Amino acid sequence: MTTIRKQNYRKLLQGVYEPPSKEFGVPDFAFNPLNQSGDIYRPVIDQAWVQEHGKPIWPKGKEFAVCLTHDVDAVSEFNLSQNVRSILKLLKNDSKRPLGEVLRWILIHKLNALRGIIGRPDRLCDFENWLDLEEGVGARSTFFFAPETVTLPHNSDCMYKYDQTIHFRGELISVAELMRMMDSKGWEIGLHPSWHTHNNLEEMISQKRQVENIVGHDIQSVRQHFLKYNPMKTPQTQSLAGFKVDSTLGFNDNVGFRRGTSYPFSSYNLETNEKIDLLHIPLTVQDGALMLSEKGLRLDADTSVEYVKLMLDAVQEVGGVLNLSWHPHTINRPGFWDVYKRVLELVQQEDPWFATIGELGKWWSKEVKIDLDTYTAQLASDNV
């Protein structure tokens with residue numbers, strides 16, 4: 001394996017090496033030169049920066065920062081109208097899935113709809129448990145909610161509506177009420193836009209406004225659904241829609257440092273060679289990449305915690321940001337909730353600055369004078 005040269009760090013940071021997402025797939029870690037060199041678990045750009053300039057200084061004297069995040073892909077399991085919509089979507093079969101798989105999912109949705117009719121308790125996400133656990137460690141997280149109306153549909157789009165009711169602290173409340181309550185108590189609400197927004201400004205603006213109409217104010221943060229991202233198009237689309245912070249740049253099938261850094265960094269327009277008014281906070285670890293049985297690393301609970309500890313150590317070494325993503329609907333899956341609790345205990349012991357994506361982005365933009373684009377540009381011109 002050949003380690004990526006420092007002259008190439010700028011191309012790595014800007015996403016030059018990344019292929020655009022295809023219609024039916026999202027490129028993952030295999031394309032990355034850091035994977036090919038064996039450096040995917042090292043924030044190589046941060047390490048070079050610290051060697052020359054030292055670590056960033058975080059609020060309250062903390063040595064590093066942690067962002068806890070959640071992609072809200074689903075809110076209920078047995079809702080009748082949601083399952084009917086899902087069946088109709090599957091019957092269109094725009095997913096190119098095999099017929100047998102389509103029929104299996106239709107059967108599952110029919111059974112879930114039946115359970116909803118007979119009144120089986122629908123506690124897919126248990127949102128109160130996520131909030132209570134995070135509050136217990138002194139943290140507030142970012143919840144990325146999907147839009148309820150999608151003009152350009154895709155088989156992967158989320159199917160819930162904001163007026164759906166869910167159980168929360170012994171009561172039935174709507175998803176909209178949940179979002180407003182979270183927002184009022186310091187949790188951040190961001191957008192988890194649908195598949196076809198990655199290069200469609202009109203659709204991105206529409207979906208952003210849907211969430212803003214619920215919470216009653218502008219939202220700052222975005223993470224693309226399935227991490228579908230085109231380095232030539234998505235940054236401009238997000239910025240022109242009014243977003244200030246993106247948290248998409250991670251992996252679905254591995255953990256690590258996709259752009260060689262754990263630091264927030266400015267986005268870049270590869271077509272015009274200009275910076276964009278959009279800050280990236282890289283995604284370090286996603287739950288499914290660790291523990292799903294059908295894809296990714298396919299780790300057990302203990303090994304998953306070890307991998308997160310590996311990322312935590314790497315971030316602490318450079319004084320960076322550990323950005324974790326756990327999907328709320330995994331709370332009842334074996335291992336997922338247990339690992340999240342263990343990870344939070346592990347992280348809390350190291351005494352980081354906990355911040356939402358928007359909070360961290362705003363603070364970094366105002367207070368920190370680390371310009372990785374300029375720094376890596378200088379490395380590209382040096383004879384190293």
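Keep in mind that this is a model prediction, so the values were computed, not measured.

## So, the overall build of the protein chain
Then, number 1: Helix and strand counts for the protein chain come out as 14 helices and twelve strands.
Then, number 2: Counting all 384 residues of the protein chain, 58% fall into the buried class.
Then, number 3: If you take every contact in the protein chain between residues at least 6 apart in sequence, the share linking residues at least 24 apart comes to 78%.
Then, number 4: Carbon together with sulfur atoms contributes 51% to the accessible area of the protein chain, which is approximately 16,400 Å² in total.

## Overview of the packing of aromatic side chains
Then, number 1: For the coordinates displayed, the defined rule picks out 15 aromatic pairs.
Then, number 2: Judged by centre distance (5.3 Å) and plane angle (25°), the ring pair of Trp-58 and Trp-363 falls under stacked. Of this pair, Trp-58 sits in the loop between helix H3 (44-53) and strand E1 (65-72) while Trp-363 sits in helix H13 (residues 357-367), and the two are 305 residues apart along the sequence. Exposure class is identical for Trp-58 and Trp-363. Each is buried.

## Observations regarding the nonpolar core
Then, number 1: The biggest cluster of nonpolar side chains holds 68 residues, and the ones touching the most others in it are Phe-127, Phe-143, Phe-145, Leu-178, Met-182 and Trp-326.
Then, number 2: In terms of residue count, helix H12 (residues 336-349) provides more of this core than any other element does, eight residues in total.
Then, number 3: Counting residues in each nonpolar core, the second largest holds 35 residues, with Trp-49, Trp-58, Cys-67 and Val-318 among its members.

## Digging into the environment of Gln-224
Then, number 1: Position of Gln-224 relative to the elements: it lies in the loop between strand E6 (221-222) and helix H9 (234-240).
Then, number 2: Considered as a pair, Gln-224 and Leu-191 are 33 residues apart in the sequence and their alpha carbons are 8.1 Å apart.
Then, number 3: Ignoring any residue separated from it by four or fewer positions in sequence, one finds Gln-224 in contact with His-192, Pro-193, Ser-194, Thr-197, His-198, Met-204, Thr-234, Gln-238 and Thr-248.
Then, number 4: Reaching out from Gln-224, the side chain makes a polar contact with the side chain of Thr-197 at a distance of 3.1 Å.

## Brief notes about unusual backbone geometry
Then, number 1: Even without being a glycine, Lys-60 presents a positive backbone phi close to 60°.
Then, number 2: Phi at Arg-169 takes a positive value of approximately 50°, unusual for a residue other than glycine.
Then, number 3: With respect to the helices, strands and loops of the structure, Arg-169 is situated in the loop between strand E3 (165-168) and strand E4 (171-174).

## Considerations on the packing of helix H6 (residues 127-136) against H12
Then, number 1: Axis separation between H6 and H12 bottoms out at 10 Å; the angle between their running directions is 15°. Of the possible angle classes, the one that applies to H6 and H12 is roughly parallel. For the element pair H6 and H12, the recorded crossing hand is right-handed. Together, Asn-129, Trp-130, Leu-133, Glu-134 and Gly-136 of H6 and Trp-337, Tyr-340, Lys-341, Leu-344 and Gln-348 of H12 make up the contact between the two elements.

## A word on the pattern of salt bridges
Then, number 1: The final tally for this structure, using the stated rule, is 16 salt bridges.
Then, number 2: Close ionic contact of Arg-10 with Asp-373 constitutes a salt bridge, the shortest N to O distance being 3.2 Å. Taken together, the positions of Arg-10 in helix H1 (residues 9-14) and Asp-373 in helix H14 (residues 372-381) put the pair 363 residues apart, joining distant regions of the chain.
Then, number 3: Taking the relative accessible area as the measure of exposure, Arg-10 reaches 22% and is therefore partly exposed.
Then, number 4: On the accessibility criterion, Asp-373 (10% relative accessible area) is buried.
Then, number 5: Asp-351 is paired through a salt bridge with Lys-62; the nearest N and O atoms lie 2.7 Å apart. Taken together, the positions of Asp-351 in the loop between H12 and strand E12 (353-354) and Lys-62 in the loop between H3 and E1 put the pair 289 residues apart, joining distant regions of the chain.
Then, number 6: The exposure class assigned to Asp-351 is partly exposed, which follows from its relative accessible area of 45%.

## Re the pairing of E1
Then, number 1: By the criterion of burial, E1 is predominantly enclosed, with eight of the eight residues buried.
Then, number 2: Of the two faces of E1, the one holding Ala-65, Cys-67, Thr-69 and Asp-71 and the one holding Val-66, Leu-68, His-70 and Val-72 are both buried throughout.
Then, number 3: Of the pairings in the sheet, the one linking E1 to strand E2 (residues 142-145) comprises four bridges and is parallel in character. Across the sheet, the residue bridging to His-70 is Phe-143, located in E2.

## Quick look at the confidence of the model for the protein chain
Then, number 1: The pLDDT averaged across the protein chain works out to 89; a share of 87% of its residues lies at or above 70.
Then, number 2: Here residues 105-116 is a poorly scored stretch, pLDDT under 50, and it has 19 contacts once near neighbours within four places are set aside; other chains count.

## Section: the pairing of E2
Then, number 1: Side chains Thr-142 and Phe-144 project from E2 onto one buried face, and the interleaved Phe-143 and Phe-145 project onto a second face that is buried too.
Then, number 2: Where E2 and strand E5 (residues 188-191) come together, four bridges link them in parallel fashion. Note on E5: the bridge partner recorded for Thr-142 is Glu-188.

## Let's talk about the packing of helix H7 (residues 175-184) against helix H8 (residues 201-215)
Then, number 1: Between H7 and H8, the shortest axis-to-axis distance is 8 Å and the interhelical angle comes to 70°. When the interaxial angle is binned, H7 and H8 end up roughly perpendicular. Across the interface between the two elements, Ala-176, Met-179, Arg-180 and Asp-183 of H7 pack against Val-211, Ile-214 and Val-215 of H8.
Then, number 2: Residue composition of the contact of H7 with H8, grouped by class: five nonpolar, no polar and two charged.

## With respect to H6
Then, number 1: Among the residues of H6, Phe-127, Glu-128, Trp-130, Leu-131, Leu-133 and Glu-134 are the ones counted as buried.
Then, number 2: In this fold, the buried residues of H6 make contact with E1, E2, E3, H7 and H12.

## What about the environment of Gln-348?
Then, number 1: Topologically, Gln-348 is positioned in helix H12.
Then, number 2: Classification of Gln-348 as partly exposed rests on a relative accessible area of 37%.
Then, number 3: Between the alpha carbons of Gln-348 and Ala-139 there is a distance of 9.4 Å; along the sequence they are 209 residues apart.
Then, number 4: The residues contacting Gln-348, other than those within four sequence positions of it, are Gly-136 and Val-137.

What counts and what doesn't
- Residues numbered from 1 in each chain as written.
- Predicted model: local features only at pLDDT ≥ 70, side-chain atom pairs only at ≥ 80, totals over all residues.
- Heavy atoms only, no water.
- Helix = DSSP H or I, 4+ residues; strand = E, 2+ residues; numbered from the N terminus.
- Buried < 20%, exposed > 50% of the residue type's maximum accessible area, 1.4 Å probe, protein only.
- Contact = heavy atoms within 4.5 Å.
- Areas by Shrake-Rupley, 256 points an atom, 1.4 Å probe, with all protein chains shown as cover.
- Phe/Tyr/Trp six-rings, centres within 6.5 Å; stacked < 30°, edge-to-face > 60°.
- Core = buried A, V, L, I, M, F, W, Y, C linked by side-chain atoms within 4.5 Å.
- Polar contact = N/O pair within 3.5 Å; in protein donor to acceptor, adjacent residues only side chain to side chain.
- Axes fitted to C-alpha atoms, helices over the stretch in contact; angles between N-to-C directions.
- Parallel < 35°, antiparallel > 145°, perpendicular 65-115°, else oblique.
- Left-handed = near helix turned anticlockwise from the far one by under 90°.
- Salt bridge = Lys/Arg side-chain N within 4 Å of Asp/Glu carboxyl O.
- Pairing = 2+ DSSP bridges.
- pLDDT = per-residue confidence, 0-100.
- Nonpolar A, V, L, I, M, F, W, Y, C, P; charged D, E, K, R; others polar.

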